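Chain and residue survey
Chain by chain, the residues:
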Amino acid sequence: MQYQNPILPGFHPDPSICRVGDDFYLVTSSFEYFPGLPIYHSRDLVHWEQIGHCLTRDSQVHLVTGATNCLNIYAPTIRYHDGLFYVIVTNVTGDNHGNFIITAKDPAGEWSDPIALPFPGIDPSLFFDEDGKVYYLGTDGGIYLSEMDITTGAAIGETHRLWQGTANNPEGPHLYKIDGMYYLLLAQGGTELCHMAVLARSESILGPYEPCPHNPILTNIGQSLPIKAAGHADLVEDADGNWWAVCLGIRPLAYPFRHNLGRETMLVPAKWENGWLYAGENGAVLPEFTVAHAPKAWAASGYVPGSAVTDEFQGETLHPMWNLIYKPGAGNGAVYRKRTGTARQRRFSLGGCAEGVAGTAAGTLLLYRRDGACVCAGAGGRRGRSHRVHESGASL
């Protein structure tokens, strides 16, 4: 199989992935955009369809208006255990700020109201051990772990500091148990050009952890490749025993580097040798990979991100391609409602406000994720304008 990166082009940062049978599910950060936490489905890891959002109701989240582009909802982890999907994530601002868990039996359906967690910091992850214990991993001045009650969210026992990586800014921890060993995967170097993924292992969940001798296991530092800043990875095994990593990366346009598509989701083949993971092309994330073993090719039946869509706004809800900034009714008149009347009048409308794109108050914006560097949008029979919104890969 030959495939190209990114597998999810445009604004799809901080990917996390899990598998249930032959089906893969992936979530990404959404920051101040609503609905939040888009969720995707695939059967071959290359072709993805968006099946919904995890955050769709006022009862689930409060997005602070006027917050800068790097705040609100980011760095989710998705896991599946005993018939239930779990997404754990951080709301960096808001009256329900902090870390929380939401759950669903059907990932394409409604997700639960959040279970607030007592754990500080960002980049939360979950680990379900074979003995029935559940652990929280997070980043708060370093990587730490705590046993938890998955039903109530309460902490159990002490908090333990784990391996802190090999360089600065360790974050984005994920824990796996493979062939009796615990493997701790971290991002480090900051989510810019020095981004990377590093790995360590231990016989005990509490450590000590032995660093991988060929760290970083994944990075594009020093590579003359169009993909930069590769890191913040998560691992998944397919039904045939092949291993893969998803990670974020950027595709800068020029120097000095500007990535107006935002951080995108990449797919990297991986393999285990002598108890250690080898990813990509000697650790590099290539724009194109050819692999001998992969899941059977699959065609999505739902909305494929980046595909051509004509939306006449006739549905009861917004098409999943669209996002608002903050939430409808957030003091900005942005109420999504279906109009009645003749066929010509049956359309949706958004209330407006005087706030400009560069303002700090809650403006009324309808956005979609761009998948290419150039875009031309039409509005009311006239040629529209595309605005870059803080390098997020969103267009008006």
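The structure under discussion appears in the preceding block.
Summary of the structure given here.

About the cut-offs
- Every chain is numbered on its own, with residues counted from 1 as its sequence reads.
- Whole-chain, interface and lining totals are the exception, using all residues; otherwise, since this is a predicted model, local features are given only for residues with pLDDT of at least 70 and side-chain atom pairs are given and counted only at 80 or more.
- Heavy atoms throughout the structure, all of them, feed into the side-chain values; hydrogens and water do not.
- Per the convention used, a helix needs a DSSP run of H or I reaching at least four residues, while a strand needs a run of E reaching at least two, with both numbered from the N terminus.
- Polar contacts here mean pairs of N or O atoms no more than 3.5 Å apart (in protein, one a potential hydrogen donor and the other a potential acceptor; neighbouring residues in sequence count only if both atoms are side-chain atoms).
- The contact criterion used is simple: two residues touch if any of their non-hydrogen atoms lie within 4.5 Å.
- A pair of strands counts as paired when DSSP detects no fewer than two bridges linking them.

The topology assignment puts Asp-129 in the loop between strand E11 (122-128) and strand E12 (134-139). In terms of polar contacts, Asp-129 uses its side chain to reach the side chain of Tyr-182, at 2.7 Å. Other than its neighbours up to four places away in sequence, Asp-129 contacts Tyr-135, Lys-177, Tyr-182 and Ile-205.

A separate point is unusual backbone geometry. Pro-208 follows Gly-207 through a cis peptide bond whose omega is 5°. Topologically, Pro-208 is positioned in the loop between strand E17 (196-202) and strand E18 (210-211). Cis peptide bonds are those with omega within 30 degrees of zero, and the linkage from Asn-215 to Pro-216 qualifies with -5°. With respect to the helices and strands, Pro-216 occurs in the loop between E18 and strand E19 (228-237). Its identity as a non-glycine residue notwithstanding, Leu-37 has a phi of 55°, on the positive side.

One open sheet accounts for four strands, arranged E15-E16-E17-E18; its pairing is antiparallel. At either end of the open sheet lies a strand with only one pairing partner, and these are strand E15 (171-178) and E18. Here seven bridges tie strand E16 (residues 181-188) to E17, and the two strands are oriented antiparallel to one another. Opposite Gln-188, over in E17, you have Met-196 as the bridge partner.

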